[in-house]
Amino acid sequence: MSSSTPSAAGEYLTFTLGAEHYGVDILKVQEIRGYDAVTRLPDAPDYIKGVINLRGTIVPVIDLRLKLRLAEARYDSFTVMIVLNVEDRVVGIVVDGVSDVVPLAEDQVRATPEFGATVDTKFIAGIGTLDERMLILLDIETLLDSADFVDTAALAVAA
């Protein structure tokens, strides 16, 4: 069993990255928008696409597929940006597509399996089961609190 406790019952916005389905707590979602051009920050990691000006707020944008070291991201008419409000910060994450909002009961959420040191599962809050598919439930606070992101968020504020 993982040290992170699975999130209890709740509603999750589900989205796809490649062939996999992910979920994020709906209460963290501020809005969903089409992928727009971003202003690239110098010397930022590849997964930080840059920043956008969202109604006067400078918002860092992360390509979640690159952040999680999945296959190269493609950008097409289905590419979506989910704007999240996490710990008083606004951040955009780029995903392949948004599916729907699903309620998960406590018995539908399982703990993240332990893989040892070879697989980093600290960003995964649990695994949701919904009919025949599994949802990887992201711990978005942990994902966005990584040290390299905090540095770039400071860069974005200074920009």
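Structure's up top.
Now for a description of the structure that goes with this document. The model shown is predicted, which means the values in this text are computed figures rather than measured ones.

Our focus in this paragraph is the environment of I32. Here I32 is to be found in strand β3 (residues 29–34). C-alpha separation for the pair I32 and I93, spaced 61 residues apart in sequence, amounts to 9.7 Å. Setting aside residues no more than four positions away along its own chain, I32 makes contact with L13, V80, M81 and V98.

Here the focus is the layout of surface pockets. One number sums up the size of the second largest pocket: a volume of about 200 Å³. As for the second largest pocket, its lining consists of 11 residues, and the residues nearest its centre are P113, I124, I127, M134 and I136. The set of elements that each furnish at least two residues to the lining of the second largest pocket consists of β2 (20–25), β10 (124–130) and β11 (133–138). When its residues are assigned to classes, the lining of the second largest pocket shows 7 nonpolar, 3 polar and 1 charged.

A separate point is the sheet that holds strand β7 (residues 89–95). Taken together, the 5 strands give an open sheet; going across it, the order is β3-β6-β7-β5-β4, and neighbouring strands pair in mixed fashion. Because the sheet does not close on itself, it has two edges, and the strands there are β3 and β4 (48–54). Shown here is a sheet whose adjacent strand axes are inclined to one another by a mean of 25°, direction ignored. Summarising the sheet, β4 and strand β5 (residues 57–63) pair through 6 bridges and their orientation is antiparallel. For I48, the partnering residue across the bridge sits in β5 and is I62.

This brings us to the nonpolar core. Judged by nonpolar contacts, the single largest core of 29 residues is most densely connected at F15, L64, I82, L84 and V95. Broken down by element, this core gets its largest block of residues, 4 residues, from strand β6 (residues 80–86). If we skip the residues at most four places from it in the chain, L64 touches F15, L17, I93, V94, V95, L138 and L143.

All told, the structure shown has 6 salt bridges when counted by the stated rule. E31 serves as the salt-bridge partner of R33, at 3.6 Å between the closest nitrogen and oxygen. Residue R33 is classed as partly exposed on the basis of its relative accessible area of 23%. Note that D96 is salt-bridged to R65, the shortest N-O span being 2.4 Å. Note that D96 is positioned in the loop between β7 and β8 (97–104) and R65 in helix α1 (residues 64–67), a separation of 31 residues in sequence. In terms of burial, D96 and R65 fall into one category: buried. Residues joined by salt bridges that share partners form a network here, namely E31, R33, D36 and R55.

Cut-offs applied
- Residues numbered from 1 in each chain as written.
- Predicted model: local features only at pLDDT ≥ 70, side-chain atom pairs only at ≥ 80, totals over all residues.
- Heavy atoms only, no water.
- Helix = DSSP H or I, 4+ residues; strand = E, 2+ residues; numbered from the N terminus.
- Contact = heavy atoms within 4.5 Å.
- 1 Å grid on protein atoms, 1.4 Å probe; cavity = no way out; pocket = protein on both sides within 12 Å on 5 of 7 lines; lining within 4 Å.
- Points joined across faces, edges and corners; volume = space filled by probe spheres on them.
- Nonpolar A, V, L, I, M, F, W, Y, C, P; charged D, E, K, R; others polar.
- Pairing = 2+ DSSP bridges.
- Axes fitted to C-alpha atoms, helices over the stretch in contact; angles between N-to-C directions.
- Core = buried A, V, L, I, M, F, W, Y, C linked by side-chain atoms within 4.5 Å.
- Buried < 20%, exposed > 50% of the residue type's maximum accessible area, 1.4 Å probe, protein only.
- Salt bridge = Lys/Arg side-chain N within 4 Å of Asp/Glu carboxyl O.

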